[in-house]
Amino acid sequence: MKRLFLDVTSSNYDGANGAISVILKDAEIIQAGTTISSMPTELKDEEYQKFIDCYDIHFIFDDMALNVDFYAVPRVDITAIDSRGGYIGTVGGLTDIESEFPICYIDKSRKIFRIADNFKNFVNDCVDWQKQLQPCDDVKLFSSKSEAAKEYEFIDIGSLLRK
């Protein structure tokens, strides 16, 4: 089966409001890119502060400026950072407490580690998350989508929407 990649970094494809689904016969569609999953600032409370104070997990809120300098294949949806310049994110889809996508950690030097099987397991057992890092070869980082496109075949969703 052919593997094709769908860039999900653009949040609005000509009015599609980020809700894009592509199904092609005889092809596996894989989401690609680095996205940020932030929460409304009104949700900041003592529970989120506990994650900072106890576990060095800084969940991302709308009032935080975050500059991500890499493009991930497959997609990594960043949901938190740590004080050492690392990123915590969901591999392959959006961050959701009910999803079964694995969770990864990308350190400051851009080494990638798997830290949990899913987001629910991560937040329920994050006491020693930094000691549970397992090398992860499932994600590859690039400087841009154009660099990733030299290695992977992307679907041109823009041309499909203009038809």
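Use the structure listed above.
Draft legend 1. A look at the nonpolar core. In terms of nonpolar packing, the biggest core is built from 18 residues, with Ile57, Phe59, Ile88, Phe122 and Trp129 touching the most fellow members. If you list the elements that add at least two residues to this core, you get α1 (46-55), β8 (103-106), β9 (112-116) and α2 (119-124). Dropping the residues within four chain positions of it, tryptophan 129 is found in contact with Tyr55, Asp56, Ile57, Asp82, Arg84, Ile88, Tyr105, Ile115 and Phe122. Counting 13 residues, the second-largest nonpolar core is a separate cluster that includes Ile60, Phe70, Val76 and Ile78.

Draft legend 2. Here's a closer look at unusual backbone geometry. Backbone torsion omega between valine 73 and proline 74 reads -5°, so that peptide bond is classified as cis. With respect to the helices, strands and loops of the structure, proline 74 is situated in the loop between β5 (71-73) and β6 (76-81). Located in the positive-phi region is aspartate 56, a residue other than glycine, with phi close to 55°. Looking at where aspartate 56 falls in the secondary structure, it is placed in the loop between α1 and β4 (58-59). At arginine 110, a residue that is not glycine, the phi angle is positive and equals roughly 70°. Note on placement: arginine 110 falls in the loop between β8 and β9. Residue classification places arginine 110 among the partly exposed positions, given a relative accessible area of 27%.

Draft legend 3. Seen up close, the layout of surface pockets. Its boundaries defined by the atoms lining it, the second largest pocket holds a volume of some 230 Å³. Considering the residues around the second largest pocket, the lining is formed by Ser37, Met39, Glu47, Tyr48, Phe51, Phe59, Thr79, Thr95, Asp96, Ile97, Phe119 and Val123. Of all the secondary-structure elements, those providing two or more residues to the lining of the second largest pocket are α1 and α2. If you tally residues by element for the lining of the second largest pocket, the top one is α1, at 3 residues. Broken down by class, the residue content of the lining of the second largest pocket amounts to 7 nonpolar, 3 polar and 2 charged.

Draft legend 4. Representation of α1. Two or three places before glutamate 47, at the start of α1, stands the capping residue aspartate 45, its side-chain oxygen 3.0 Å from that residue's backbone nitrogen. Trailing α1 by a residue or two, aspartate 56 shows a phi angle of about 55°, which is positive.

Draft legend 5. Up close: the side chain of aspartate 56. There is no salt bridge for the buried aspartate 56, and the closest opposite charge comes from arginine 84, which lies 4.5 Å off by N-O distance. Polar side-chain contacts of aspartate 56 include one of 2.9 Å to the side chain of histidine 58. A distance of 2.8 Å separates a polar atom in the side chain of aspartate 56 from a polar atom in the side chain of serine 83. With sequence-adjacent residues up to four places away left out, aspartate 56 is seen in contact with Phe51, Ile81, Asp82, Ser83, Arg84, Trp129 and Gln130.

Draft legend 6. Region of interest: the packing of aromatic side chains. This model, assessed by the stated rule, comprises 13 aromatic pairs. With 5.7 Å between their ring centres and 80° between their planes, tyrosine 48 and phenylalanine 59 make a pair best called edge-to-face. Within this pair, whereas tyrosine 48 is found in helix α1, its partner phenylalanine 59 is found in strand β4, the two being separated by 11 residues in sequence. The exposure class assigned to tyrosine 48 is partly exposed, which follows from its relative accessible area of 23%.

Draft legend 7. Examining the side chain of aspartate 107 more closely. Note on placement: aspartate 107 falls in the loop between β8 and β9. There is a polar contact of 2.8 Å between the side chain of aspartate 107 and the backbone nitrogen of lysine 111. Setting aside chain neighbours within four positions, we find aspartate 107 in contact with Gly85, Gly86 and Phe113.

Calculation rules
- Residue indices begin from 1 for each chain and proceed along its sequence in written order.
- The predicted origin of the model limits local features to residues at a pLDDT of at least 70 and limits the giving and counting of side-chain atom pairs to 80 or more, whereas totals for whole chains, interfaces and linings rest on all residues.
- Side-chain measures were taken over the full set of non-hydrogen atoms in the model, leaving aside hydrogen atoms and water.
- Only buried residues count toward a nonpolar core, which is a set of Ala, Val, Leu, Ile, Met, Phe, Trp, Tyr and Cys residues joined through side-chain atoms within 4.5 Å.
- For every residue, the accessible area obtained with a 1.4 Å probe (protein chains only) is divided by the maximum for its type, and the residue is called buried under 20%, exposed over 50%, and partly exposed between those limits.
- In this text, helices come from DSSP runs of H or I with a minimum length of four residues, and strands from runs of E with a minimum of two, each type numbered from the N-terminal end.
- Only heavy atoms enter the contact rule, under which two residues are in contact if any of them lie within 4.5 Å.
- Only protein atoms enter the calculation, which uses a 1 Å grid: trapped sets of points that fit a 1.4 Å probe without letting it out are cavities, open sets showing protein on both sides within 12 Å along at least five of seven lines are pockets, and any residue with an atom within 4 Å of a point is a lining residue.
- Grid points are joined across faces, edges and corners, and a volume is the space filled by probe spheres set on the points.
- Residue type decides the class: Asp, Glu, Lys and Arg count as charged, Ala, Val, Leu, Ile, Met, Phe, Trp, Tyr, Cys and Pro as nonpolar, and the leftover types, Gly among them, as polar.
- Pairs of N or O atoms within 3.5 Å make up the polar contacts considered here, provided that, within protein, one atom can donate a hydrogen while the other can accept it, and that residues adjacent in sequence are counted only when both atoms are side-chain atoms.
- For the purpose of counting charges, residues Lys and Arg are taken to be positive, whereas Asp and Glu are taken to be negative. His and the chain ends are not included.
- Any carboxyl oxygen of Asp or Glu that lies within 4 Å of a side-chain nitrogen of Lys or Arg is treated as forming a salt bridge with it.
- Ring pairs shown here join Phe, Tyr and Trp side chains whose ring centres sit within 6.5 Å, with only the six-membered ring taken for Trp; geometry is labelled stacked below 30 degrees between planes, edge-to-face above 60, and tilted in between.

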